[in-house]
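Tertiary structure, described
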Amino acid sequence: MAALLTLDEVSRSYGDRVVLHPVSLEVAPGEVVALLGPNGSGKSTLLRIAAGRDLPTSGTVTFDGRRLDEEDLHARARIAVVGDVSATYPDLTVREHLLLVAVSHGVGDEAGAWVDWALADRHLTEKADALPSSLSSGQHQALLLASALVRPRDLLVLDEPEQRLDPDARGRLAERLSAERSDGVSVLLATHHRDLALAVADRAVLLIDGTVVAEGPPAAVLPDVP
Amino acid sequence: MTDQERPDDVDAGGAGPDDEQLPARDDPYWAGLTTDALAYVRRLRAAERRRRLGGAAYTAYVILVVALVYVVPYVWYALVQPDEAGPARTPDGAALAVVGVVGVVLVGFVRDGAWRGPAVLDRPTAAWLLPSPILRRALLVPRWRTALAVSAGAGTVGGLVAAVVLRVAAGGPAGPVATAGALAGLVVAVLGTSAGLLVEAVGEGRPGRRGGGQTLWLAPVVVLAAATLAAVAPQATSGAASWLTTVVLWSGPWGWAVQPLVAALPGSAPAGVESLWPIGLLLAVALASSAVVRADRAVDRIGARTLRTRADSVAVVGASITMLQPRRARLTVLAAQGHAPSTRLRLRPPRQRLLLGPWRDVTALLRAPSRVLWAVVWLGVAVALLVAALGPVAASASAPGDVAQQAGATAQRVAVGERLLVGVPGLVALYLAVAQLVEAARLDADDPRRLRIRPIAATRQALGHAVVPIVALGVPLVLAVLVGVPGSACVMALVALPALVGAALVSAYRGDAPLALVAGGGSSPMGDVGPGALVAWYVRAPLVAVILLLPLLLGWSVAGTLTPVAALVTLVWAGTRAEAVLRS
């Protein structure tokens, strides 16, 4: 099966500092790939490049057969991103924010239903009319996840989505990611949570100091994670 | 540290004496501890205090020199001029104008008390001394009293200068006018500072209540009220309007404090004030004194959390102003005031992508209604100035015949000057009205990640933000023409709108000032232009827009070409800035 996302010899440097040595990676449709590694290993940089939020110093990124450009609206409409590259409006309620995301991604008349479903899925229904500033950090993370769920998507890029989630919410996250895979959505996630990687990932990639040091089934790679 | 080295009164666990061993709360031990601790800190920070005092002394020296050269001679000259004015020289409704100004000043004190207040600690003190077991009053009272003294001094001088300005316009005996002005300034400053401290203390112990955070709407409302008073001022010398002046002057401290000044200005005091002003003054002094006493007691009620938050806010606001980031300073102040957008008013989100942008903009304004109020205020000012600016040329252009043509040409030159003098502030006011309505664009620029929430190019998003301000200001301008406001001014404002909206969007997506400019000023062939370059960078968009709109203001034929060019330039510029912000 042709890969949905292909990173070919992608590297990233900031001045003389190399944060990502040439990395090649493919994500197939409906595949869940977990990026593992200690802090500062280059996971977030790799995710930003994969989501089109940053340009590689060298190498190419291809999404659905087209070279990924930072401003490619087609790609932006099909890649949902959750992480430190996500933000909300301080003056829109949770429901208004989700409707904004849904309608702007072409959901149209169905937007209300999508939003209600995402609110229920992330256990945010009671907070639907609240402003983001009144949410706990876990609820805010759930809102960012819900923002990714109220819109059509072929690829979910998640940077440590388990952050600030309690064990129940982490369990629901794992269920959701498995459901996404079943729906044919590809997932590329960076995580420090071994159980999450083991539960949902088809493949794990271990990054250390910007270099891929291991790749394969999560159970095989996890013992190498420092 | 080993057990052998540890002092005797510290137990093995590292803690101090037990609760039972601590002196009672009202024991003089705590006062002694406080005195010792503060004396020790004072010794430690002596060098820093000297440095700060040196800085303050230098600032005071500069202010004094500037005042001696540019202010004092004029004040003195104005005061020693003989009073040749009859009662007719006093501007109608001067009393109402003075009350309006005092109202705005008092609102300023309350707003200040809602986020900073007169009793404010610096960050190190808030971080280290505040949690220690020393008496908080000893930390706060000197700061509050110093703030009160400084405010009283500044108020007295400000009142004096204002009185001198009024005397130049209205005449009156120098001594009484100056004294009354200084006294009004003193009373208002003392009352305002005390009110600020009471606001600072008022929210303590009540969750969800943070002082005067709900006072944001006050400023535009008071300004609107003052503007309304100014509008009725020409009729304020007789009949119902005179009765209104009497009511306003007796309606509260804003009126009581200025009664002596109003009474000293010839012909401006209504009957009820002319003879009874000592009672008004007495009421104002009594209220200010009572406020000082209450504030002095309330100092103890200000909680540690409030003081810490405010110390942080003051530091962040100071840094933001230094870095020329007024938006960041404003957001910090709003957060410190506990301001959260109200979601009471809602507009159902549309299901059509095309309507999403306008819905977003209108929702942003519903959540920040004070912006709308300010837009109304500035639009009113802009129309008034443009109406005034367009009058003279229209009159001179209508003069017939050759001789009249020559006279008309001279009048035209004079009129052009007058038109620029009044019209340019009119365009600036219109820009300020527009700038209130691009709040959604500012929210995008506050966090560039928000420009990625919608899968739309940043340029298109920026241009989309132009629709609501143009409609929101265009509709009232059209209505104004229909109800009979001089049409040429409103049409000019309408035509100028797109260019000014573009400029407001450029400013919204302005981003941070270049560090080189902040740190080193700007170099030019004539040397370092210093802060001027920074200010020019900051106002460049409205500056360009107003310059390009000057032909329109002056009625030159080239305006037909330049005005659309101005709109095009600023709107394209806004789109470019939005892209730059996204990539920052």
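Throughout, residues of each chain are indexed from 1 in the direction in which the sequence is written. Lettering for chains starts from A, numbering for ligands starts from 1, and both go in the order in which the items are written. Residues qualify for local features only when their pLDDT is at least 70, as the model is predicted, and side-chain atom pairs are given and counted only at 80 or more; totals for whole chains, interfaces and linings, by contrast, use all residues.

Every helix listed is a DSSP run of H or I at least four residues long, and every strand listed is a run of E at least two residues long, numbered separately from the N terminus. Counting its regular elements, chain A contains eight helices and 10 strands. Radius of gyration: over C-alpha atoms. The globule rule applied is 2.2 Å multiplied by the number of residues raised to the 0.38 power. Its C-alpha atoms give chain A a radius of gyration of 17 Å, within 12% of the compact-globule value 17 Å for 226 residues. For chain A, the C-alpha atoms occupy an extent of roughly 45 × 35 × 35 Å along the three principal directions.

Here we take up the overall build of chain B. Counting secondary structure elements, chain B contains 25 helices and two strands. The burial label depends on the number of other C-beta atoms within 10 Å of a residue's C-beta. Counts of 20 or more mean buried, 12 or fewer mean exposed, and intermediate counts mean partly exposed, with C-beta atoms placed from the backbone. Buried residues in chain B amount to 38% of all 584 residues. The contact criterion used is a C-beta to C-beta distance within 7 Å, with each C-beta placed from the backbone. Pairs at least 24 residues apart make up 78% of the contacts formed inside chain B by residues separated by at least 6 positions.

All names here are of chain A. With mixed pairing, six strands are arranged side by side in an open sheet as E6-E7-E8-E3-E9-E10. Strand pairing shows two members of the sheet lacking a second neighbour, strand E6 (79–82) and strand E10 (211–216), which therefore form its edges. Taking each pair of neighbouring strands and ignoring which way they run, the sheet shows an average axis angle of 15°. A pair of strands is treated as paired once DSSP finds two or more bridges between them. Judged from the four bridges that link them, strand E3 (residues 32–36) and strand E8 (residues 186–190) form a sheet pairing that is parallel. From the neighbouring strand, Ala-34 faces E8, where its bridge partner is Leu-189. As a rule, the C-alpha atoms of each element are fitted with a line to give its axis, helices using only the stretch in contact, and angles between N-to-C directions run from 0 to 180 degrees. Along the sheet, helix H1 (residues 43–50) contacts E3, strand E7 (155–159), E8 and strand E9 (203–208); its crossing angle with E8, the most-contacted strand, is approximately 150°.

What follows deals with the nonpolar core. B:Ala493, B:Leu500 and B:Leu505 are the most contacted members of the largest nonpolar core, which has 143 residues in total. Contacts of B:Leu505, omitting those with residues within four sequence positions, involve B:Val438, B:Ala441, B:Ala462, B:His465, B:Ala466 and B:Ala574. We define a nonpolar core as a collection of buried residues of the types Ala, Val, Leu, Ile, Met, Phe, Trp, Tyr and Cys that are connected via C-beta atoms lying within 7 Å of each other.

Regular strands place their side chains on alternate faces of the sheet. Residue and element names in this part refer to chain A. Sheet topology note: the strand E1 (residues 5–14)/strand E2 (residues 17–27) ladder contains seven bridges and is antiparallel. What sits directly across from Tyr-14, in E2, is Arg-17. Linkage of E1 to E2, two consecutive antiparallel strands, is achieved through a turn of two residues, within which Gly-15 is found at a positive phi near 65°. Examined bridge by bridge, E1 and strand E4 (residues 58–63) share five bridges and lie antiparallel to one another. Note on E4: the bridge partner recorded for Thr-6 is Thr-62.

Turning to the interface of chain B and chain A, a few remarks are in order. Interfaces are often sized by the accessible area lost when the parts come together. Taken together, the contact between chain B and chain A spans 21 residues of the former and 26 residues of the latter. When residues of the side of chain B that touches chain A are assigned to their parent elements, the largest contribution, five residues, is made by helix H15 (residues 353–366) of chain B. Ten residue types, Ala, Val, Leu, Ile, Met, Phe, Trp, Tyr, Cys and Pro, are classed as nonpolar, four, Asp, Glu, Lys and Arg, as charged, and the remainder, Gly among them, as polar. Grouping the amino acids of the side of chain B that touches chain A by side-chain chemistry returns 11 nonpolar, two polar and eight charged.

What follows is about H15(B). One less than the number of residues in a helix, times 1.5 Å, gives the span that helix is expected to have. Over its 14 residues, H15(B) runs 20 Å from end to end, which matches the ideal 20 Å to within 8%, given 1.5 Å per residue. Looking only at H15(B), the buried set comprises B:Gly357, B:Trp359, B:Arg360, B:Asp361, B:Thr363, B:Ala364 and B:Leu365.

A pair of packed helices is characterised by two quantities: the angle between their axes and the separation of those axes. Two elements in contact, helix H3 (residues 94–104) of chain A and H15(B), have axes separated by 9 Å at closest approach and are oriented at 155°. Overall, the two elements H3(A) and H15(B) adopt an arrangement that is roughly antiparallel. With respect to the hand of their crossing, H3(A) and H15(B) are arranged in left-handed fashion. Residue-level inspection shows A:Glu96, A:Leu100, A:Val103 and A:Ser104 of H3(A) in contact with H15(B), the latter providing B:Arg353, B:Leu356, B:Arg360 and B:Thr363. Of the residues in the contact of H3(A) with H15(B), the class split is three nonpolar, two polar and three charged. Here the angle decides the label: under 35 degrees means roughly parallel, over 145 means roughly antiparallel, 65 to 115 means roughly perpendicular, and every other value means oblique. Crossings are assigned a handedness: left-handed for a near helix turned anticlockwise from the far helix by less than a right angle, right-handed for a clockwise turn.

This next bit is on the confidence of the model for chain B. Residue and element names in this part refer to chain B. The pLDDT score gives, residue by residue, the confidence of the prediction method on a 0 to 100 scale. Averaged over all residues, the pLDDT of chain B is 83; the fraction at 70 or higher stands at 83%. Considering only residues more than four positions removed or in separate chains, one finds that residues 1–7, a stretch of pLDDT under 50, has two contacts. Counted against residues more than four places away or in other chains, residues 392–400, with its pLDDT under 50, gives 16 contacts. For this predicted complex, the interface confidence reaches an ipTM of 0.82, while the overall pTM sits at 0.77.

Below, the discussion takes up unusual backbone geometry. Residues and elements named next belong to chain A. Despite not being glycine, Glu-9 shows a phi value in the positive range, around 50°. With respect to the helices and strands, Glu-9 occurs in strand E1. A count of 12 C-beta atoms within 10 Å places Glu-9 in the exposed class. Here His-123, not a glycine, exhibits a phi torsion of approximately 55°, which is positive. Among the structural elements, His-123 can be located in the loop between helix H4 (111–121) and helix H5 (137–149).

Residues and elements named next belong to chain A. The sheet contact formed by E4 and strand E5 (residues 66–67) spans two bridges and is antiparallel. Considered in E5, the bridge of Thr-62 is made with Arg-67. Between E4 and E5, which follow one another and run antiparallel, lie two residues, and Asp-64 among them has a positive phi close to 50°.

Let us look at the packing of H15(B) against helix H18 (residues 439–446) of chain B. Residue and element names in this part refer to chain B. Orientation of H15 relative to H18, taken along the N-to-C sense of each, is 95°, at an axis distance of 8 Å. In this view, H15 runs roughly perpendicular relative to H18, as classed from their interaxial angle. Residues Arg-360, Asp-361, Ala-364 and Leu-365 of H15 form the contact with H18, whose own contacting residues are Glu-439, Ala-440 and Leu-443. For the contact of H15 with H18, the residue count by class is four nonpolar, no polar and three charged.

Another point: the sheet that holds E4(A). All names here are of chain A. Strand order in the open sheet made by the four strands is E2-E1-E4-E5, with antiparallel pairing throughout. The sheet is open, and its two borders are formed by E2 and E5, each paired with just one other strand. Packed onto the sheet, H1 meets E1, E2 and E4 and runs at close to 125° relative to E1.

Within H18(B), seven of the eight residues are buried, which leaves it mostly tucked inside the rest of the structure. Where H18(B) is concerned, the buried positions are B:Glu439, B:Ala440, B:Ala441, B:Arg442, B:Leu443, B:Asp444 and B:Ala445.

Residue and element names in this part refer to chain B. With respect to the secondary-structure elements, Trp-537 resides in helix H23 (residues 531–538). Sequence separation between Trp-537 and Leu-517 is 20 residues, and the spatial gap between their C-alpha atoms is 8.9 Å. When near neighbours in sequence (up to four residues on either side) are disregarded, Trp-537 contacts Ala-513 and Leu-517.

We now examine the environment of B:Leu554. Residues and elements named next belong to chain B. Mapping Leu-554 onto the fold places it in helix H24 (residues 540–554). For the pair Leu-554 and Ala-389, spaced 165 residues apart in the sequence, the C-alpha separation amounts to 9.5 Å. For Leu-554, the residues in contact, after removing those within four places along its chain, are Val-416 and Arg-419.

Below, the discussion takes up the environment of B:Asp447. Tracing the backbone shows B:Asp447 in the loop between H18 and helix H19 (458–464). For the pair B:Asp447 and B:Ala154, spaced 293 residues apart in the sequence, the C-alpha separation amounts to 39 Å.

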